[in-house]
Amino acid sequence: MLDFVYQALPARVIFQTGALARLPDEVQRLGARRVLVLTTPGQRPLGEKAAQALGPLAAGICSEAVMHVPSEAAQAARAQAEQLSADCCVAIGGGSTIGLGKAIALTSSLPILAVPTTYAGSEMTPIYGMTENGLKTTGRDLRVLPKTVLYDPLLTRDLPAALSAASGMNAMAHAVEALYAQDANPIVSLMAEEAIRSLARALPAIVADIHDDAARADALYGAWLAGACLGAVGMALHHKVCHTLGGSFNLPHAQTHAIMLPYTAHYNQTAAPKALQRVARALGGDTAAQAGALLMALNRSLGLPWSLAQIGMPEDGVGQAAKIATENPYYNPRPVLHDDVLAMLQRAWRGDSVA
Ligand code: NAD
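Residues numbered from 1 in each chain as written. Predicted model: local features only at pLDDT ≥ 70, side-chain atom pairs only at ≥ 80, totals over all residues. Heavy atoms only, no water.

Below, the discussion takes up the site of the ligand. Near the ligand, the surroundings consist of 22 residues, among which T40, S96, T117, T118 and T125 are the closest. Within the side chain of H68, one N or O atom sits 3.0 Å away from an oxygen atom of the ligand. G95 is positioned with one of its backbone polar atoms (N or O) 2.8 Å from an oxygen atom of the ligand. Taken by itself the ligand offers 860 Å² of open surface, and the protein chains cover 81% of this. With respect to the detected pockets, the ligand is housed in the largest pocket. Tallying contributions element by element places helix α4 (residues 95–108) first for the shell around the ligand, with 3 residues. Class assignment of the residues belonging to the shell around the ligand gives a composition of 7 nonpolar, 12 polar and 3 charged. (Near = heavy atom within 4 Å. Polar contact = N/O pair within 3.5 Å; in protein donor to acceptor, adjacent residues only side chain to side chain. Areas by Shrake-Rupley, 256 points an atom, 1.4 Å probe, with all protein chains shown as cover. 1 Å grid on protein atoms, 1.4 Å probe; cavity = no way out; pocket = protein on both sides within 12 Å on 5 of 7 lines; lining within 4 Å. Sits in = over half its atoms within 2 Å of the grid points. Helix = DSSP H or I, 4+ residues; strand = E, 2+ residues; numbered from the N terminus. Nonpolar A, V, L, I, M, F, W, Y, C, P; charged D, E, K, R; others polar.)

Given below as structure tokens:
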């Protein structure tokens, strides 16, 4: 049976080498005149460059974006937007910066123009997150979906190799889970396969030479597709586990996704054989049973860490993580059973092979 529901999301996407030059025109296209530019402390110079390009359209810069949108950072940015009478946010950076823009949009409905510089994919989703008292909450709201996205591969040129690899595998995780999502549909599955293929092709080339512009464009293209998958369909066990590990154990977001992906793919391989076979094929393999091992081999070839222990997960936290991840599970093709998830997390903590 080929039954499905497909809900398209409204967004204008411009993918072009040098797209940043189009920023003033695109801001004006949104009818905005007072732009608040958002970025991280480390990317402040890029924020300044964007503000300079905007000229009189720039009302101010907030370079206080940090991982997982702490509520204090959101409150401060909202206050700054209000004080400046901003009518638009330009979020230039990775998922943390775009997340800060979403926090502003959630309460003010200000339009966001996103200029992503990593492969995380937040720019294509109506999903927001915020952290208060160590607890991260997420939700979906169309007000936070960026109205316009400018993809400029030149802005990813200096993303370090290790961060590029981890961020690319974070994107790949969106695509893998989209293939077995509860609301999977043909168009999203096509995008997911293409995303996996482009990322698998581009990331090794980027690790070999971070200034390989063709590979940068290929990876950003894959990241766009993967972000569109994340925005379009629901995620499953993999994302639940990674949110738990990031939110409750403060593990680095992208690396956690990269390490866990072979294990969660392996967990689901018999329950979602067609989806995992598509993953394997996009990685140059043939059968569903190969998907986890192929993902692990790709991680290894990219020089990524391969165990949760390596990125600071305490061994005595694994039991708690299994408990949290299975308490209110997302839909998953294979039942999310505490003992099975615990065993998977123990293997991931040690970095065992999945073959
Ligand atoms: P990030 O935005 O925290 O960026 C990581 C670091 O890299 C930062 O210090 C940043 O300044 C720096 N950086 C970014 N781009 C760079 C570049 N081109 N060159 C040099 N340095 C650069 O990391 P991320 O992985 O992009 O985003 C992670 C956050 O995004 C998490 O909080 C995650 O939950 C969220 N996220 C949300 C969604 C969603 O749909 N809501 C999707 C994906 C990720």
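Alright, that's what it looks like, and here's the rest.
Within the structure shown, the criterion is met by 2 aromatic pairs. Relative to Y151, the ring of F15 lies with its centre 5.8 Å away and its plane at 35°, an arrangement referred to as tilted. Within this pair, whereas F15 is found in strand β1 (residues 12–15), its partner Y151 is found in strand β8 (residues 148–151), the two being separated by 136 residues in sequence. Taking the relative accessible area as the measure of exposure, F15 reaches 33% and is therefore partly exposed. Assessed through its relative accessible area of 0%, Y151 is described here as buried. Ring geometry for Y221 and W224: centres 6.2 Å apart, planes at 45°, overall tilted. Note that Y221 and W224 are positioned in helix α7 (residues 213–232) at a spacing of 3 residues, about one turn of the helix. Residue Y221 is classed as partly exposed on the basis of its relative accessible area, which comes to 26%. A relative accessible area of 25% places W224 in the partly exposed class. Above the face of the W306 ring, R300 is positioned so that its terminal group lies 4.2 Å from the ring centre. A cation over a ring is seen here: R334 above Y267, with NZ or CZ 3.7 Å from the ring centre. (Phe/Tyr/Trp six-rings, centres within 6.5 Å; stacked < 30°, edge-to-face > 60°. Buried < 20%, exposed > 50% of the residue type's maximum accessible area, 1.4 Å probe, protein only. Lys NZ or Arg CZ within 6 Å of the ring centre and 35° of its normal.)

What follows is about the side chain of T40. Relative to the helices and strands, T40 resides in the loop between β2 (35–38) and α2 (44–54). Residues in contact with T40, not counting those within four places in the same chain, are S63, A65 and T97. (Contact = heavy atoms within 4.5 Å.)

None of the figures reported here should be taken as evidence of function without further support.
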